Amino acid sequence: MSQQWALAAKRANHILGGIKHSRTSQSRGDNPTVAVKLKKATDTYKLYVEKYAAVKSAFEQKMTETAQKFQDIEETHLLHMKEIIESLSNTIKEIHLQIGEVHEEFIDNMTNSTVKSLIQKFAESKGTGKERPGPIEFEECNTSNAVEGIKPRKRKPFGFSGIMKKEKDTM
């Protein structure tokens, strides 16, 4: 569109230049055709300048509005990102404090623990008790009852059930 404006301005300047040239070359007499051409060229040029100013003003207004919208969107995005980063930073800070508390509690527990207390805790957790067990007495085993109670079992050959069934089917 700007090429059209430039072309129209160039055309109007060319016509004006031609009219000025013809005025100087002619005598001082009034030539109505030259005056009409001059007036027409001047009016056309003025009209194009006014249209250009209106289009330029509308374009600048739209660009200003669009740029403001983009700036608002960008500001909202940056505020959101800032909130996320602050939240992450606070979370990391809290976790760091909690780890520090656990570490201090561990150090206190290790300082307050003795070998005897650790052995006692181990014995309590395994259920072995605190007292030493008494001596074990040997008892004679009666083998006659044990032999009578055993029933003979039929032994099955070892094999995979799926394979044995297929072998039986093929035989």
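Further up the page is the structure itself.
What counts and how
Residues numbered from 1 in each chain as written. Predicted model: local features only at pLDDT ≥ 70, side-chain atom pairs only at ≥ 80, totals over all residues. Heavy atoms only, no water. Helix = DSSP H or I, 4+ residues; strand = E, 2+ residues; numbered from the N terminus. Buried < 20%, exposed > 50% of the residue type's maximum accessible area, 1.4 Å probe, protein only. Areas by Shrake-Rupley, 256 points an atom, 1.4 Å probe, with all protein chains shown as cover. Expected span 1.5 Å × (residues − 1). Salt bridge = Lys/Arg side-chain N within 4 Å of Asp/Glu carboxyl O. Patch = residues over 30% accessible without salt bridge, like charges linked within 9 Å, V, L, I, M, F, W, Y side chains within 5 Å. Lys, Arg positive; Asp, Glu negative; His and termini not counted. Charge placed at Lys NZ, Arg CZ, Asp CG, Glu CD. Polar contact = N/O pair within 3.5 Å; in protein donor to acceptor, adjacent residues only side chain to side chain.

A. Here's a closer look at the overall build of the protein chain. Each helix and strand counted, the protein chain has five helices and zero strands in total. For the protein chain, the N- to C-terminal ordering of α and β elements is α-α-α-α-α. For the protein chain, the residues scored as buried account for 5% of the 171 residues in total. Element-wise, carbon and sulfur atoms account for 59% of the exposed surface of the protein chain, whose accessible area totals about 17100 Å².

B. Main features of helix 3 (residues 115-126). Along its twelve residues, helix 3 runs 17 Å from first to last C-alpha, staying within 8% of the 16 Å computed at 1.5 Å per residue. The buried fraction of helix 3 is low, at one of twelve residues. Note on helix 3: the residue one or two positions beyond its end, Gly 127, has a positive phi of about 75°.

C. Here's a closer look at the pattern of salt bridges. Enumeration over the complete set of coordinates arrives at one salt bridge. In this structure, Lys 39 engages Asp 43 in a salt bridge whose closest nitrogen and oxygen atoms are separated by 3.7 Å. Remark: Asp 43 and Lys 39 occur in helix 2 (residues 32-112); sequence separation between them is four residues, near one turn of the helix. Asp 43 gets classed as partly exposed once you look at its relative accessible area, which sits at 40%.

D. Representation of a negative patch on the surface within the structure. Taken together, Glu 101, Glu 104, Glu 105 and Asp 108 make up a surface patch of like negative charges. Note on placement: Asp 108 falls in helix 2. Look at Asp 108 and you get partly exposed, because its relative accessible area is 44%.

E. Local environment of the environment of Ser 125. Structurally, the position occupied by Ser 125 is in helix 3. For Ser 125, a relative accessible area of 56% puts it in the exposed group. Within the structure, Ser 125 has its side chain in polar contact with the backbone oxygen of Phe 122 (distance 2.8 Å).

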